[in-house]
Amino acid sequence: MSGNTPSGNTSGGNTSGGNTPSGNIPSGNIPSGNIPSGNTPGGNIPGGDGPGPIRILIVDDHPVVRDGLRGVLERDPGFTVIGEAGDGAEAVELYERQPADVVLMDLRMPRMGGVEAIKRLLRGDPEARILVLTTYDTDSDVMGALAAGATGYLLKDTPREELTRAVRSASSGQSVLSPAVTGRVLGQVRKPTQGPLSDRELQVLRLIADGATNRQAAAALFISQATVKTHLLHVYEKLGVKDRAAAVSEAHKRHLFE
């Protein structure tokens, strides 16, 4: 008889929660914490939406500088410093054991400098993002680092906000240059190619040596005065002089008119 079989023995009662009311199936028994976005990649950063903090390797031969950079960067939950190196050789060793998203690299260090370290890091990992951070801004330092493959070049007087922004840009593969460095790079790009004078440049210089004005040289060569001036500027650059008289003198020393 149906009266001898309690409802708890029905098929519904054989479920694990059959001894309690219908409250066994609601969402209350599945803690919401098991499926929140916190378990997705974005949850790896406190309050962040990205895949995780940017991992940074600091390379500088001054411990005080490394401590300062670590303090600045780790104020931001989007960054984590995974290592510090006192020279380029140590940086290469650390990177091989634990690659970083961005390497902050000084240039002049003992054992191995920054340029050589950049080359070695990229040899092992062509995708390495290396952001130079140094006090040196000479043409040779800047162009040497960029030619080696640095992602960007900053000076150590860069404000904190610009530094953190640059690290984020470098981590995504974007080139970053401080304003002073940008000017030097553009100056190199715009600089006329060194080498022998072209036939036209030599023609202009020969006329100038003979006493012709820019207008007379232009008329003799059937070109504009502006073109004559451009040729002369290139002549000055190639001969390493600053004016007409010096250019003519240097040309004679080099026997360019013979």
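Keep in mind that this is a model prediction, so the values were computed, not measured.

Enquirer: Explain the layout of surface pockets to me, using residue names and the numbers behind them.
Expert: There is about 170 Å³ of room inside the largest pocket. Around the largest pocket, the lining is made up of 13 residues, and of these Leu154, Thr158, Glu162, Ser178 and Pro179 lie nearest the centre. For the lining of the largest pocket, the elements supplying multiple residues, two or more each, are β5 (152-155), α5 (160-171), β6 (176-177) and α6 (179-190).

Enquirer: Which residues make up α5, and what are the values?
Expert: Count 3.6 residues to each turn of an α-helix, and residues three or four apart come out pointing the same way. Taking 1.5 Å as the rise per residue, α5 with 12 residues should run 16 Å; its terminal C-alpha atoms sit 17 Å apart, in good agreement. Those residues of α5 that fall on the buried side of the exposure criterion are Leu163, Thr164, Ala166, Val167, Ser169 and Ala170. Where α5 terminates, the next one or two residues include Gly173, which has phi positive at roughly 90°.

Enquirer: Any chance you could break down the pattern of salt bridges for me, citing the residues and the numbers?
Expert: Under the counting rule described, the total for this entry stands at 13 salt bridges. Of the charged contacts, one joins Arg108 and Asp141 as a salt bridge, the two residues approaching to 2.7 Å between their closest N and O atoms. Of this pair, Arg108 sits in the loop between β3 (102-105) and α3 (114-124) while Asp141 sits in helix α4 (residues 139-148); the two residues are 33 residues apart in sequence, bridging distant segments of the chain. Using a relative accessible area of 43% as the deciding quantity, one classes Arg108 as partly exposed. With relative accessibility at 12%, the residue Asp141 sits in the buried group. Through salt bridges that share partners, Arg66, Arg70, Glu74 and Glu84 make up one connected network.

Enquirer: Just give me the short version of the packing of helix α7 (residues 199-209) against helix α8 (residues 214-221), but keep the residues and values in it.
Expert: Interhelical geometry of α7 versus α8 gives an angle of 130° and a closest axis separation of 10 Å. Taken as axis vectors, α7 and α8 run oblique relative to one another. As α7 packs across α8, the resulting crossing turns out to be right-handed. Contact with α7, carried on its side by Arg200, Gln203, Val204, Leu207 and Ile208, involves Asn214, Ala217, Ala220 and Leu221 of α8 and no other residues of that element.

Enquirer: Let's hear about the side chain of Thr151: which residues, and what values?
Expert: With respect to the helices and strands, Thr151 occurs in the loop between α4 and β5. Other than its neighbours up to four places away in sequence, Thr151 contacts Ala128, Arg129, Ile130, Ala170, Gly173, Gln174, Ser175 and Val176.

Cut-off values and rules
- Residues numbered from 1 in each chain as written.
- Predicted model: local features only at pLDDT ≥ 70, side-chain atom pairs only at ≥ 80, totals over all residues.
- Heavy atoms only, no water.
- 1 Å grid on protein atoms, 1.4 Å probe; cavity = no way out; pocket = protein on both sides within 12 Å on 5 of 7 lines; lining within 4 Å.
- Points joined across faces, edges and corners; volume = space filled by probe spheres on them.
- Helix = DSSP H or I, 4+ residues; strand = E, 2+ residues; numbered from the N terminus.
- Expected span 1.5 Å × (residues − 1).
- Buried < 20%, exposed > 50% of the residue type's maximum accessible area, 1.4 Å probe, protein only.
- Salt bridge = Lys/Arg side-chain N within 4 Å of Asp/Glu carboxyl O.
- Axes fitted to C-alpha atoms, helices over the stretch in contact; angles between N-to-C directions.
- Parallel < 35°, antiparallel > 145°, perpendicular 65-115°, else oblique.
- Left-handed = near helix turned anticlockwise from the far one by under 90°.
- Contact = heavy atoms within 4.5 Å.

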